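One-letter residues, chain by chain:
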Number of protein chains: 2
Amino acid sequence: QSEFRELLEFPERTAGRFMDKLLARYRADQTVGEALAVLRKSKAQRVRSLYVVSEDDVLVGRVDLQDMALAEPDTLMSEILNSVTAVANLTSTEEDLVTLFDQSKVDSIPVVDHDQKLLGIIRYANLFQAAEEAATAGIQRMVGASADERALSPPLFAVKRRLVWLHINLLTAFLAASVVGLFESTIAQFTALAILLPVVAGQSGNAGSQALAVTMRGLALKEINTLHWRQVLTKEVQIGLINGAALAITCGLGVWAWSQSFGLAVVIAIAMITAMVMAGISGALVPMVLSRLGQDPATASSIILTTVTDISGFMAFLGTATLLSSII
Amino acid sequence: QSEFRELLEFPERTAGRFMDKLLARYRADQTVGEALAVLRKSKAQRVRSLYVVSEDDVLVGRVDLQDMALAEPDTLMSEILNSVTAVANLTSTEEDLVTLFDQSKVDSIPVVDHDQKLLGIIRYANLFQAAEEAATAGIQRMVGASADERALSPPLFAVKRRLVWLHINLLTAFLAASVVGLFESTIAQFTALAILLPVVAGQSGNAGSQALAVTMRGLALKEINTLHWRQVLTKEVQIGLINGAALAITCGLGVWAWSQSFGLAVVIAIAMITAMVMAGISGALVPMVLSRLGQDPATASSIILTTVTDISGFMAFLGTATLLSSII
């Protein structure tokens with residue numbers, strides 16, 4: 001709990017949050033025996049490597065404790081010095097740090113200033129909880145709840161962040177409603193259409209969310225990037241066609257049984273296939289486009305997606321119904 | 001890519017997946033010098049601690065490399081032996097492992113069999129990518145896309161997992177539609193209600209998703225558990241009332257301007273407050289109840305939530321409209 005409050009004091013998720021201060025300084029012209037004496041006095045615990053600095057604190061390299069243990073005490077630190085490939089600075093974001101650790105397979109990363117002076121060390125372990133928090137933040141950003149809201153945040157803090165997005169959602173919902181409005185005369189003629197609207201919107205929203213979730217996660221885990229758009233779209237169109245066909249049969253039969261109108265069943269079956277394909281395409285495109293625009297692929301993605309799937313679902317269903325109104 | 005295929009060979013996310021095989025064995029009656037000679041020959045890299053076993057391979061403790069580096073070469077390993085507090089076995093799940101690492105603040109955990117024989121070591125680093133994958137899997141489980149689907153999985157693999165949930169969603173959508181059906185005569189009288197239905201459903205769905213996301217993440221990060229239900233519900237009811245009131249005004253004014261019917265504006269304003277509170281309550285309850293039932297709080301949570309928010313939104317809106325039909 002106190003750890004959490006401490007984290008909150010840093011407005012940004014940058015290296016400063018995760019850095020341990022230096023407990024001791026090690027030099028390249030020290031012997032291994034001398035450096036071990038410094039380590040003993042430093043009270044550092046379970047260290048795996050020591051960072052070596054010059055007289056003016058500039059980082060010159062890393063010495064692994066394993067090499068020190070295996071070396072003679074009078075060996076110079078410079079003899080077993082490794083170059084440091086991954087360094088962070090105070091403004092490195094959490095995401096930069098996670099990427100650095102992933103690429104370099106080290107268990108600590110030194111933080112330096114713009115003169116390459118060593119400021120502190122970031123341990124893998126410090127980032128672990130933070131990385132998990134960051135990884136799960138997408139779920140909140142998708143629906144317009146800010147990543148810094150917690151389960152027990154004060155209501156007014158939550159209201160401030162959520163209400164903006166609810167108003168944006170209201171605008172997009174009016175947009176979807178205006179599409180329904182275009183078909184007012186068809187609906188006035190067949191109220192069954194109004195009853196079935198939530199079915200089309202619900203299916204198309206769910207299918208779109210599936211495509212969105214899988215694509216967004218692929219981007220987050222860096223398994224794909226925006227250059228894979230063609231493969232991802234091909235995949236989602238195929239899935240949309242197959243799932244759409246299957247649902248067209250089930251849903252068509254259900255509607256036929258309920259309404260006793262074969263025409264209405266045909267209309268919803270055609271709409272289901274169209275809506276499933278459109279949902280797959282938009283579910284894949286939304287995070288890809290956000291990512292291409294330099295945004296987090298999660299940002300409001302669910303709100304944007306719902307707008308697209310609602311509008312395309314309503315168009316597909318009410319459009320088909322209007323065209324085929326003679327057979328309903 | 002090859003790493004991913006390797007992961008797929010393990011059906012379950014258990015310790016076996018993340019374990020490094022033993023490169024060498026260390027004994028308590030060895031001297032530090034002898035153990036270091038074994039370590040040198042083992043070609044292990046950047047080790048922080050060694051695990052010590054008895055003659056029959058039973059784990060007896062851990063020696064930190066730092067202590068070995070600081071000790072005289074003829075010191076016995078038994079003199080600097082630490083007891084091991086955190087051990088895993090082959091069936092420990094990824095979640096167990098993440099919890100173990102979190103609690104014990106070590107960088108490796110030994111895996112033992114039921115006779116306490118040492119089988120291998122799990123490094124923190126091996127679990128890092130896995131933990132991030134697990135943390136982001138919730139987004140997929142929420143909408144009925146299985147956690148093992150990847151952005152470039154074959155379409156048929158995806159269809160198999162997603163289609164089941166789309167059919168379940170179809171059933172719940174018919175349920176929501178049947179609620180709309182109850183008010184068929186009111187809708188036949190005022191088609192404006194059919195046009196505004198997506199607005200109510202959209203708002204209530206979005207607000208519910210916000211509550212769901214924040215609660216689900218709190219459970220995942222273990223900041224809350226199901227015993228906090230009262231606090232979380234209180235928070236969400238307050239948020240629902242405030243957001244509902246704000247949206248009632250905006251949305252009411254919008255509907256008044258569009259429809260020129262003050263009565264319809266009053267109906268949607270009342271519905272908005274009711275729907276926002278219901279959405280907050282259900283968004284918080286769905287993951288809590290799933291968690292209480294021993295399920296992953298993400299499982300199909302979005303599908304369940306949409307059903308509840310659709311039905312409660314339609315009830316609130318069409319119910320109020322029916323009651324107040326004289327003023328519309």
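A.B. asks: What exactly am I supposed to notice about the nonpolar core here?
C.D. replies: Most often, soluble globular proteins keep nonpolar side chains buried together rather than apart. In terms of nonpolar packing, the biggest core is built from 84 residues, with Phe317 of chain A together with Phe317 of chain B touching the most fellow members. Not counting residues up to four positions away in its chain, the partners in contact with Phe317 of chain A are Leu193, Leu196, Leu197, Val200, Val267, Ile268 and Ala271 of chain A.

A.B. asks: Quick question: what am I supposed to make of the sheet that holds strand β1 (residues 19-21) of chain A here?
C.D. replies: Strand pairs in the sheet, formed through backbone hydrogen bonds, run parallel or antiparallel to each other. Residues and elements named next belong to chain A. Taken in spatial order, the 3 strands make up an open sheet running β1-β5-β4, and their pairing is antiparallel. Both outer strands of the open sheet, β1 and β4 (108-112), are each paired with one neighbouring strand and no more. Taken over all neighbouring pairs, the strand axes of this sheet differ in orientation by 40 degrees on average, direction set aside. Helix-sheet contacts for helix α5 (residues 94-104) involve β4 and β5 (118-123), and the interaxial angle to β4 is about 130 degrees. Relative to the sheet, helix α6 (residues 124-142) contacts β1 and β5, its axis offset from that of β5 by approximately 60 degrees.

A.B. asks: Before we go on, may I ask you to explain the environment of Lys41 of chain A in this structure?
C.D. replies: All names here are of chain A. Inspection of the secondary structure assignment puts Lys41 in helix α3 (residues 32-42). Using a relative accessible area of 72% as the deciding quantity, one classes Lys41 as exposed. Along the chain, Lys41 and Leu23 lie 18 residues apart, while their C-alpha atoms are 9.4 Å from each other.

A.B. asks: Any chance you could explain the relation of the copies chain A and chain B here in plain terms?
C.D. replies: One copy of the chain maps onto the second through a rotation about an axis and a displacement along it. The operation relating chain A to chain B is a screw motion whose rotation component is 180 degrees, with 0.0 Å of axial translation and a residual RMSD of 0.2 Å. Such values leave the two copies arranged in the relation of a two-fold axis. A share of 100% of interface residues in chain A that are also interface residues in chain B marks the association as one of identical surfaces.

A.B. asks: Would you mind showing me how to read the interface of chain A and chain B here?
C.D. replies: Interface extent is often summarised as the accessible area lost during association of the parts. Across the boundary between the two partners, chain A contributes 100 residues, which contact 100 residues of chain B. The junction of chain A with chain B conceals about 9500 Å² of combined surface from both sides, 65% of it contributed by carbon and sulfur atoms. On the chain A side of the interface with chain B, the three residues burying the most area are Arg46, Phe128 and Arg217 of chain A, jointly 10% of the side's total. For the interface between chain A and chain B, the tally reads 7 salt bridges.

A.B. asks: Sorry, what's going on with empty space enclosed by the protein here?
C.D. replies: To find leftover empty space, one rolls a probe the size of a water molecule over the atoms. Inspection of every chain in the model, using the stated rule, returns 7 cavities of 30 Å³ or more. As a volume, the largest cavity reaches approximately 720 Å³. Looking at the largest cavity, it is lined by 40 residues, and the ones nearest its centre are Gly205 and Thr306 of chain A together with Ala201, Gly205 and Thr306 of chain B. Contributing elements (two or more residues each) for the lining of the largest cavity: α6, α7 (155-182), α9 (191-220) and α12 (301-323) of chain A together with α6 (124-142), α9 (191-220) and α12 (301-323) of chain B. When grouped by side-chain class, the residues that make up the lining of the largest cavity number 20 nonpolar, 18 polar and 2 charged.

A.B. asks: How should the packing of helix α5 (residues 94-104) of chain B against α6 of chain B be read in this particular structure?
C.D. replies: Each packed pair of helices is defined by two parameters, the angle between the axes and the distance between the axes. Residues and elements named next belong to chain B. Two elements in contact, α5 and α6, have axes whose closest approach is 10 Å; the angle formed by their N-to-C orientations is 120 degrees. Taken together, the axis directions place α5 and α6 in an arrangement best described as oblique. Crossing angle aside, the handedness with which α5 passes α6 is left-handed. Seen from α5, the contacting residues are Glu94, Leu97, Val98, Phe101 and Asp102; seen from α6, they are Tyr124, Leu127, Ala130, Ala131 and Ala134. In terms of residue class, the contact of α5 with α6 is made up of 8 nonpolar, no polar and 2 charged.

A.B. asks: What's the story with α3 of chain A in this structure? I'm lost.
C.D. replies: Residues spaced three or four apart along an α-helix face the same direction, because each turn holds 3.6 residues. Looking at α3 of chain A, one finds that the buried residues are Val32, Ala35, Leu36, Leu39 and Ser42 of chain A. Looking straight down α3 of chain A, one finds that the buried residues subtend no more than 115 degrees of arc, so they occupy a single side. Facing away from the buried side of α3 of chain A, by more than 90 degrees, are the exposed residues Arg40 and Lys41 of chain A. Residues of α3 of chain A that are buried in the fold lie against β2 (49-53) and α4 (65-70) of chain A together with α4 (65-70) of chain B. Where α3 of chain A ends, the next residue or the one after it, Lys43 of chain A, has phi of about 60 degrees, a positive value.

A.B. asks: Help me understand the pairing of strand β3 (residues 59-64) of chain A, please; the structure alone is not making it clear to me.
C.D. replies: Consecutive side chains of a regular strand alternate in pointing toward one face of the sheet and then the other. Burial analysis of β3 of chain A places 5 of its 6 residues in the buried class, the great majority of the element. In this structure, the hairpin formed by β2 of chain A and β3 of chain A is closed by a connection of 5 residues, where Asp57 of chain A is found at a positive phi of approximately 70 degrees.

A.B. asks: Even after reading the chapter, I still don't get the pattern of salt bridges, so can you show me in this structure?
C.D. replies: It is possible for side chains bearing opposite charge to pair when their charged atoms get close. Enumeration according to the criterion identifies 22 salt bridges over all chains in this entry. Of the charged contacts, one joins Arg162 of chain A and Glu236 of chain B as a salt bridge, the two residues approaching to 2.9 Å between their closest N and O atoms. Of this pair, Arg162 of chain A sits in helix α7 while Glu236 of chain B is found in helix α10 (residues 229-259), placing the two residues in two different chains. The burial state of Arg162 of chain A is the same as that of Glu236 of chain B; both residues are buried.

A.B. asks: Help me out: how do you make sense of the sheet that holds strand β5 (residues 118-123) of chain B in this one?
C.D. replies: Residue and element names in this part refer to chain B. Read across the open sheet, the 3 strands follow the order β1-β5-β4; overall the sheet is antiparallel. This sheet does not close on itself; its edge strands, each paired only once, are β1 (19-21) and β4 (108-112). Each strand axis lies, on average, 40 degrees off the axis of its neighbour in the sheet, ignoring direction. Sheet topology places β4 next to β5; 5 bridges connect them, and they run antiparallel. Across the sheet, Pro110 pairs through a bridge with Ile121, a residue of β5. Set on the sheet, α5 makes contact with β4 and β5; between it and β4 the angle comes to about 130 degrees. α6 contacts β1 and β5 of the sheet and is inclined by roughly 60 degrees relative to β5.

A.B. asks: I would appreciate a short explanation of the side chain of Glu236 of chain B in the present structure.
C.D. replies: For Glu236 of chain B, a relative accessible area of 2% gives the class buried. Here Arg162 of chain A takes part through its side chain, which lies 2.9 Å from a polar atom of the side chain of Glu236 of chain B. When sequence neighbours within four positions are dropped, the list of residues in contact with Glu236 of chain B reads Arg162 of chain A together with Ala211, Gly280, Ile281 and Ala284 of chain B.

A.B. asks: Looking at this structure, how should I read unusual backbone geometry?
C.D. replies: Excluding glycine, a negative phi dihedral is what most residues carry, and trans is how most peptide bonds are arranged. Phi at Ala300 of chain A is positive, roughly 55 degrees, even though this residue is not glycine. Examined against the element boundaries, Ala300 of chain A turns out to sit in the loop between α11 (262-292) and α12. Positive phi values are uncommon outside glycine, yet Lys222 of chain B reaches one of about 60 degrees. You can see Lys222 of chain B is positioned in the loop between α9 and α10. By relative accessible area, which is 54% here, Lys222 of chain B ends up exposed.

A.B. asks: Where do I start with the packing of α9 of chain A against helix α10 (residues 229-259) of chain A in this structure?
C.D. replies: Residues and elements named next belong to chain A. In the contact formed by α9 and α10, the axes pass within 12 Å of each other and the chain directions differ by 155 degrees. Viewed along their axes, α9 and α10 adopt a mutual orientation that is roughly antiparallel. The crossing of α9 and α10 is right-handed. Between α9 and α10, the residues in contact are Ala192, Ile195, Leu196, Val199, Gln203, Ala211, Val214 and Thr215 and Val232, Lys235, Glu236, Leu247, Cys251, Val255 and Trp258, respectively. Residues that form the contact of α9 with α10 fall into these classes: 11 nonpolar, 2 polar and 2 charged.

A.B. asks: Just to check I follow, could you spell out the packing of aromatic side chains for this structure?
C.D. replies: Each aromatic ring pair is summarised here by two numbers: the centre-to-centre distance and the angle between the ring planes. All chains considered together, the criterion is met by 5 aromatic pairs over all chains. Seen in terms of ring centroids, Trp256 of chain B and Phe262 of chain B are 5.0 Å apart; in terms of plane orientation they differ by 65 degrees. Their pairing is edge-to-face. With relative accessibility at 40%, the residue Trp256 of chain B sits in the partly exposed group. The structure contains a cluster of three or more aromatic residues connected by ring pairs, namely Phe101 and Tyr124 of chain A together with Phe101 and Tyr124 of chain B.

The rules behind the values
- Residues numbered from 1 in each chain as written.
- Chains lettered and ligands numbered in written order.
- Predicted model: local features only at pLDDT ≥ 70, side-chain atom pairs only at ≥ 80, totals over all residues.
- Heavy atoms only, no water.
- Core = buried A, V, L, I, M, F, W, Y, C linked by side-chain atoms within 4.5 Å.
- Buried < 20%, exposed > 50% of the residue type's maximum accessible area, 1.4 Å probe, protein only.
- Contact = heavy atoms within 4.5 Å.
- Pairing = 2+ DSSP bridges.
- Helix = DSSP H or I, 4+ residues; strand = E, 2+ residues; numbered from the N terminus.
- Axes fitted to C-alpha atoms, helices over the stretch in contact; angles between N-to-C directions.
- Least-squares fit on C-alpha atoms with pLDDT ≥ 70 in both.
- Buried area = accessible area lost by both parts, 1.4 Å probe.
- Salt bridge = Lys/Arg side-chain N within 4 Å of Asp/Glu carboxyl O.
- 1 Å grid on protein atoms, 1.4 Å probe; cavity = no way out; pocket = protein on both sides within 12 Å on 5 of 7 lines; lining within 4 Å.
- Points joined across faces, edges and corners; volume = space filled by probe spheres on them.
- Nonpolar A, V, L, I, M, F, W, Y, C, P; charged D, E, K, R; others polar.
- Parallel < 35°, antiparallel > 145°, perpendicular 65-115°, else oblique.
- Left-handed = near helix turned anticlockwise from the far one by under 90°.
- Arc of directions from axis to C-beta.
- Polar contact = N/O pair within 3.5 Å; in protein donor to acceptor, adjacent residues only side chain to side chain.
- Phe/Tyr/Trp six-rings, centres within 6.5 Å; stacked < 30°, edge-to-face > 60°.

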